[in-house]
Amino acid sequence: MLKNRSLIDPSDFSRQEFCEIFDLAHQIIANPEKYRKSCEGKILATLFYEPSTRTRFSFEAAMLRLGGKVVGFSEPSSSSAAKGESIADTVRTVECYADIVVMRHPKEGAPRVASRYVSIPLINAGDGGHQHPTQTLTDILTIQRLKGSVENKTYGFCGDLKFGRTVHSLIKFLSNHEGVKFYLISPEELRIPDYIREEIIIKNNIPFEEVEKMEPYMGELDFLYMTRVQRERFFNEEDYVRLKDRFILDAAKMKFASPSTYILHPLPRVNEISIEVDNDPRAQYFNQAKNGMFVRMALILKLLGIY
Amino acid sequence: MLEITSIEKGIVIDHIQAGTGIQLFNYLQLDKAEYTVALIINADSCKQGKKDIIKINNVIDIDYNFLGLLDPNITVNIIKDGKISEKVNLTVPQTITNIIKCKNPRCITSTENYFDQVFHLVDAEKRSYRCEYCDDIVIPHLH
Ligand SMILES: [Zn+2]
């Protein structure tokens, strides 16, 4: 039962429970009209202690499309946090008005603490560099829509694999599935953290290669998950200049991909995918954003116990 | 070996890593004790070469989790009527609460502190722990 549960970390839910959410998301996509009034009379509170327009819009649009209403704040300066209130007190107050809470916080673990002080469901919408479980739901739903299932696929992850939390969560989730293979494409300094390589990939016997170039492997990939390489992550300017173009996806590099290699990106994109790629049917990052709203609709319905 | 009169009723904390007995003595606040306490340092040990021992002439409450975290090789003997009535073998605790603090500056525990500081064991051999809130891994250094 997902009713009244909180989603703080992807490990809070079982594989079966994730399946329930994805199944409902597929049904919503097939017939959105049916769910138009499902949350009538319900209120979602969005507590954003740091701005993230994209994630907040996605949650608010999800609730509005279910017929519910939304209250909240989008930056800490306009909130009670500015007056020094603890998150425990803030959420206990919000619980008096709302049926479900979404929290984004710069401090890691803040949503876990908050969830212990309320009896209504709380969703983590990103806590520092730690977890962002609804982005992972979004990525998985997109993979399922494009290729049926996440199993027996080859995934490329490209860019900043060291600090990219969306990459870490997705690798964790995929590593529980049969027949997956990873190409980890990054500069040496920005490889995945040791605990992901050792505790997750190697422990699950997942075949993987860590490489510094995408072209030779593109033809093998079912999905290429792009992230940005930021200048400030490099130790020196020389390396940055030497390497930066290697991790930018453009039309020339797309020629090495197979006709069914789909390109994903958690957005916002800066320059790591050239705009000339956007019209390629294999570019799926904007559809991914749309799927993010649908999967959040499914999550809200499940946690409120409506479906 | 130096002889210390054996005790009738109390606790003997044995096999303390040589040189760390004084820290444990201080942690247990034995300097404030109103009963007889002996801290023996550099005693000969067949297991360890040298060891420290604490003998307490009273039965006091000891946090075995803290002791296990400090050094799981320590043994605690409860003495009654001049004999060992119970031998406590310490283990590395699965969960530790309010003994250490998270050092991750991005962790919520760095700004709010009205709840327990909880860590879960990751690797008993390395004695590494994971912060319940931010998942940062730490190896507690109590010495
Ligand atoms: Zn922490």
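In case you missed it, the structure is sitting above this.
Thresholds applied
Residues numbered from 1 in each chain as written. Chains lettered and ligands numbered in written order. Predicted model: local features only at pLDDT ≥ 70, side-chain atom pairs only at ≥ 80, totals over all residues. Heavy atoms only, no water. Helix = DSSP H or I, 4+ residues; strand = E, 2+ residues; numbered from the N terminus. Expected span 1.5 Å × (residues − 1). Buried < 20%, exposed > 50% of the residue type's maximum accessible area, 1.4 Å probe, protein only. Core = buried A, V, L, I, M, F, W, Y, C linked by side-chain atoms within 4.5 Å. Domains from an automatic or database assignment. Contact = heavy atoms within 4.5 Å. Donors = N, O, S within 2.8 Å, 3.2 Å for Na, K, Ca; no water. Tetrahedral: all angles 85-135°; square planar, octahedral: opposite > 155°, others 65-115°. Pairing = 2+ DSSP bridges. Buried area = accessible area lost by both parts, 1.4 Å probe. Salt bridge = Lys/Arg side-chain N within 4 Å of Asp/Glu carboxyl O. Polar contact = N/O pair within 3.5 Å; in protein donor to acceptor, adjacent residues only side chain to side chain. Nonpolar A, V, L, I, M, F, W, Y, C, P; charged D, E, K, R; others polar. Axes fitted to C-alpha atoms, helices over the stretch in contact; angles between N-to-C directions. Phe/Tyr/Trp six-rings, centres within 6.5 Å; stacked < 30°, edge-to-face > 60°. Lys NZ or Arg CZ within 6 Å of the ring centre and 35° of its normal.

Participant: Please clarify how helix 5 (residues 133-147) of chain A should be interpreted in this entry.
Facilitator: It helps to recall that an α-helix has 3.6 residues per turn; residues three or four apart then point in one direction. Residue and element names in this part refer to chain A. If you check helix 5, its first and last C-alpha atoms are 21 Å apart, about what 15 residues at 1.5 Å a residue would give, namely 21 Å. Of all 15 residues that make up helix 5, 12 are buried, and the element is covered over most of its length. By the burial criterion, the buried members of helix 5 are Pro133, Thr134, Gln135, Thr136, Leu137, Thr138, Asp139, Ile140, Leu141, Thr142, Ile143 and Gln144. The first or second residue beyond helix 5 is Gly148, which carries a positive phi of 80 degrees.

Participant: I keep staring at the nonpolar core and nothing clicks. Help me out?
Facilitator: The nonpolar side chains of a soluble globular protein tend to be buried, and buried together. If you look at the biggest cluster of nonpolar residues, it comprises 56 residues, and the most contacted ones within it are Tyr155, Phe157, Ile171, Phe182 and Ile300 of chain A. No fewer than three residues from each of domain 1 (10-131 + 292-303) and domain 2 (133-289) of chain A sit in this core. Ignoring sequence-local partners within four residues, the contact set of Ile300 of chain A consists of Cys39, Leu44, Phe59, Ala62, Met63, Leu66 and Ile100 of chain A. With 33 residues, the next largest nonpolar core counts Met103 of chain A together with Val92, Phe119 and Cys131 of chain B among its residues.

Participant: I tried to follow the coordination of the zinc ion on my own but got confused; where do I start?
Facilitator: Reference geometry at the metal: tetrahedral coordination by four donors gives ideal angles of 109.5 degrees; octahedral coordination by six donors gives 90 or 180 degrees. Residues and elements named next belong to chain B. The zinc ion binds to the protein through Cys102 (SG), Cys107 (SG), Cys131 (SG) and Cys134 (SG), with metal-donor distances spanning 2.3 Å. Around the zinc ion sit 4 donor atoms, and with donor-metal-donor angles ranging over 101 to 114 degrees the site reads as tetrahedral. Site description for the zinc ion: donor spacing in sequence, C-x4-C-x23-C-x2-C. Summarising the burial analysis for this pair, Cys131 and Cys134 share the class buried.

Participant: Explanation requested: the pairing of strand 3 (residues 49-56) of chain B in the structure shown.
Facilitator: In summary, the side chains of a regular strand alternate between the two faces of the sheet. Residue and element names in this part refer to chain B. Across the 8 residues that make up strand 3, a large majority, 6, are buried. Pairing of strand 1 (residues 10-17) with strand 3, which is carried by 5 bridges, proceeds in the antiparallel orientation. Looking at the pairing, Ile16 lines up with Asp52 of strand 3. Strand direction decides the pairing type here: strand 2 (residues 37-45) and strand 3, joined by 7 bridges, are antiparallel. Bridge pairing links Ser45 to Gly49 in strand 3.

Participant: Can you help me understand the interface of chain B and chain A in this one?
Facilitator: A common measure of how large an interface is: the accessible area buried when the components associate. Every contact between the two is made by 14 residues of chain B and, on the other side, 17 residues of chain A. Contact with chain A buries area across many residues of chain B, yet Ile108, Tyr114 and Tyr133 of chain B alone supply 42% of it, more than any other trio. Linking chain B with chain A are 2 salt bridges. Here Arg116 of chain A makes a salt bridge to Glu132 of chain B, at a shortest N to O gap of 2.6 Å. On the surface where chain B and chain A come into contact, there are 10 residue pairs in polar contact (both at pLDDT 80 or more). Across the side of chain B that touches chain A, the residue classes break down as 7 nonpolar, 3 polar and 4 charged.

Participant: Any chance you could explain the sheet that holds strand 4 (residues 122-127) of chain A here in plain terms?
Facilitator: Strands belonging to one sheet form pairs held by backbone hydrogen bonds; the direction of such a pair is parallel or antiparallel. Residues and elements named next belong to chain A. Taken together, the 4 strands give an open sheet; going across it, the order is 2-1-3-4, and neighbouring strands pair in parallel fashion. Edge positions in the open sheet fall to strand 2 (69-73) and strand 4, since each of these has one partner strand only. Direction aside, neighbouring strands of the sheet carry axes that sit 15 degrees apart on average. For strand 1 (residues 43-48) and strand 2, the ladder comprises 5 bridges, and the chain directions are parallel.

Participant: How should the packing of aromatic side chains be read in this particular structure?
Facilitator: To describe a pair of aromatic rings, one takes the distance between the centres and the angle between the planes. The tally for this structure, following the rule as stated, stands at 17 aromatic pairs over all chains. Judged by centre distance (5.7 Å) and plane angle (75 degrees), the ring pair of Phe157 of chain A and Phe182 of chain A falls under edge-to-face. Here Phe182 of chain A lies in strand 6 (residues 181-185) and Phe157 of chain A lies in strand 5 (residues 154-158), a separation of 25 residues in the sequence. Note on accessibility: Phe157 of chain A and Phe182 of chain A belong to one class, buried. Measuring from centroid to centroid gives 3.7 Å for Tyr27 of chain B and Phe66 of chain B, while their planes differ by 15 degrees, and the two rings are stacked. A residue pair is termed long-range when its members are at least 10 positions apart, and Tyr27 of chain B in helix 1 (residues 21-27) and Phe66 of chain B in helix 2 (residues 64-70) qualify at 39 residues. Taken together through their ring pairs, the aromatic side chains of Tyr155, Phe157, Phe182, Phe223, Tyr225 and Tyr262 of chain A make up a single cluster. Over the ring of Phe223 of chain A we find Lys147 of chain A; its NZ or CZ atom is 5.8 Å from the centre of that ring.

Structural measurements only, silent on function.
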